[in-house]
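Residue strings, one per chain:
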Amino acid sequence: MSERSELTVQRSAANRRFRRSALLGTVVATALGGGAILAACGTGGQDGAGDPGPAKLSVADPYIPLPPAGGMGAGYLTVRNDGGPDQLVKVTSPAAGSVTIHRSTASTMEQVDSLAVPAHGALQLARGGTHLMIMGWQKAPALGDELELDLTFAKSGTISVKVPIKELTYRPGQS
């Protein structure tokens, strides 16, 4: 083999090694950069907030529109959360036979097992959307009565709330 062709073979091998090293360097840099991005997302990103901690729940604007005599009623309320995520998993009442959680769409209403309460957000049970169905009243409700509801959450335990019976046309925040 001539000196020139031996030099060409050596250069070709060196070029292959360089390209493999460059490719490996690119892969490593990409992996490290992706890991740094994931680490930043996992720790709350730019604001430095870490784990949101336990849920900090409160209930606002609860009401039940006056149901027909002996009929089922619908319950509405807002669960506010100033902490980590949770789930509403069960609702009961000592004064009703059953309370179930429902979701309405444009054409159907379906019972659901639970509803998410987002971290630093709210779960709103409102007309036309998610709501409670209350059946088997121990006594017929009247305007001004209150029904105790026990809201059970996956992480936060149970919160009891007194829910007033309001006029059928009542809307929170409106006079």
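First things first, this report covers the structure right here in the doc. (Residues numbered from 1 in each chain as written. Predicted model: local features only at pLDDT ≥ 70, side-chain atom pairs only at ≥ 80, totals over all residues. Heavy atoms only, no water.)

Turning to its location among the elements, His102 is positioned in strand E4 (residues 96-104). The sequence separation of His102 and Asp113 amounts to eleven residues, and the corresponding C-alpha distance is 8.5 Å. Once residues within four sequence positions are removed from consideration, His102 is found in contact with Met109, Glu110, Gln111, Val112, Gly129, Thr130, His131 and Met133. Among the polar contacts made by the side chain of His102, one reaches the side chain of Thr100 at a distance of 3.3 Å. (Helix = DSSP H or I, 4+ residues; strand = E, 2+ residues; numbered from the N terminus. Contact = heavy atoms within 4.5 Å. Polar contact = N/O pair within 3.5 Å; in protein donor to acceptor, adjacent residues only side chain to side chain.)

By the element assignment, Thr78 lies in strand E2 (residues 73-81). Residues in contact with Thr78, not counting those within four places in the same chain, are Ser58, Val59, Ala60, Ala122, Leu123 and Gln124.

Soluble, globular proteins show a tendency: their nonpolar side chains are buried together. Counting residues in hydrophobic clusters, the biggest one holds 25 residues, and the most contacted among them are Val91, Leu132 and Leu149. Leaving out residues up to four positions away in the same chain, Leu149 has contacts with Val91, Thr92, Ser93, Val99, Leu132, Ile159, Ser160, Val161 and Val163. (Core = buried A, V, L, I, M, F, W, Y, C linked by side-chain atoms within 4.5 Å. Buried < 20%, exposed > 50% of the residue type's maximum accessible area, 1.4 Å probe, protein only.)

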